[in-house]
Amino acid sequence: MTAAYTSVQLMVNGQPYTFAVDSTGDGSTNDDVVNLVSGLGIGDTFSSGATISYISNPFVEGASFSLLGMVLTDPQNNVVMEIPLVDGEKQMASGYAVSCPVGLNYSLKVITSNTLV
């Protein structure tokens, strides 16, 4: 199975961050989205707590399986926010303002038809 590259840019505490993953579509931990600069997940990037104020629509490339979106979960695995995916070949990427907390042990994942949240 081929991988699908997915990336999203977030504005957190006034600073831009880009998170990405080469998702395999098998629902494994390989679908965790990581910070492009540090290689850390979102919970480790913002371990002291922060607020997401803006999200660009995630960009997807090369998907040969069903990608359903991204979810941000808290440490208890509750869904805090859902982020729809955009096919960059069919729609211009844009974004939207949000006010969403993020902190230690939060997780950002690409959700596929094989993922259990």
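The structure under discussion appears in the preceding block.
Sequence order as written defines residue numbering, which begins from 1 separately in each chain. Where totals are concerned, whole chains, interfaces and linings use all residues; where local detail is concerned, this predicted model gives features only for residues with pLDDT of at least 70, and gives and counts side-chain atom pairs only at 80 or more. Note that the side-chain values use all heavy atoms of the structure and ignore hydrogens as well as water.

Here the aromatic set is Phe, Tyr and Trp, taking the six-membered ring for Trp, and pairing holds for ring centres within 6.5 Å; pairs whose planes are under 30 degrees apart are stacked, those over 60 apart are edge-to-face, and all others are tilted. Evaluation of the coordinates by the stated rule reveals 2 aromatic pairs. Geometrically, the ring pair formed by F19 and F46 is tilted, given 6.2 Å between the ring centres and 50° between the ring planes. With F19 in strand β2 (residues 15-23) and F46 in the loop between α1 (42-45) and β4 (50-56), this residue pair connects regions lying 27 residues apart in the sequence. Both residues of the pair, F19 and F46, belong to the buried class. One aromatic cluster in this structure is built from Y17, F19 and F46. Put simply, DSSP H or I for four residues or longer makes a helix, DSSP E for two residues or longer makes a strand, and each gets a number counted from the N terminus. For every residue, the accessible area (1.4 Å probe, protein chains only) is compared with the maximum for its type, and the residue is labelled buried under 20%, exposed over 50%, or partly exposed between those bounds.

Turning next to the pattern of salt bridges. Every case where a carboxyl oxygen of Asp or Glu lies within 4 Å of a side-chain nitrogen of Lys or Arg is listed as a salt bridge. Scanning all chains against the criterion turns up 1 salt bridge. Between D32 and K109 there is a salt bridge, with its nearest N and O atoms 2.7 Å apart. One end of the pair, D32, is in the loop between β2 and β3 (34-35); the other, K109, is in strand β10 (residues 107-112), with 77 residues separating them in the sequence.

The pairing criterion for strands is at least two bridges between them, as found by DSSP. If you trace the 3 strands from one edge of the open sheet to the other, you get β7-β6-β10, paired in antiparallel fashion. The sheet terminates laterally at β7 (79-83) and β10, the two strands that pair on one side only. Within the sheet, the average angular offset between the axes of one strand and its neighbour, ignoring direction, is 25°. Here strand β6 (residues 67-73) runs beside β7; their pairing, made up of 4 bridges, is antiparallel. Directly across from V71, in β7, lies its bridge partner E82. For helices, the fitted line uses only the C-alpha atoms of the stretch in contact; every axis is such a line through C-alpha atoms, and the angle between N-to-C directions lies from 0 to 180 degrees.

Buried Ala, Val, Leu, Ile, Met, Phe, Trp, Tyr and Cys residues that are joined via side-chain atoms within 4.5 Å together make up what is termed a nonpolar core. Judged by nonpolar contacts, the single largest core of 23 residues is most densely connected at L10, F19, I42, I52, L72, V102 and L108. Counting only elements with at least two residues in this core, the list comes to β1 (4-12), β2, β4, β6, β7, β9 (95-102) and β10. Element by element, the count of residues in this core is highest for β1, at 4 residues. We call two residues in contact whenever any of their non-hydrogen atoms come within 4.5 Å of each other. Not counting chain neighbours up to four residues away, the residues in contact with L10 comprise Q15, P16, Y17, F19, I42, I52, Y54 and I55.

Before going further, it helps to spend a moment on the side chain of S56. One can find S56 in strand β4. Looking at S56, the relative accessible area reads 17%, which means it is buried. When neighbours within four sequence positions are excluded, S56 is seen to be in contact with V8, Q9, S94 and G95.

Let's shift gears to the side chain of T6. Looking at where T6 falls in the secondary structure, it is placed in strand β1. On the accessibility criterion, T6 (0% relative accessible area) is buried. Aside from chain neighbours lying at most four places away, what touches T6 is F19, A20, V21, P58, F59, V60, L67, M70, L85 and V110.

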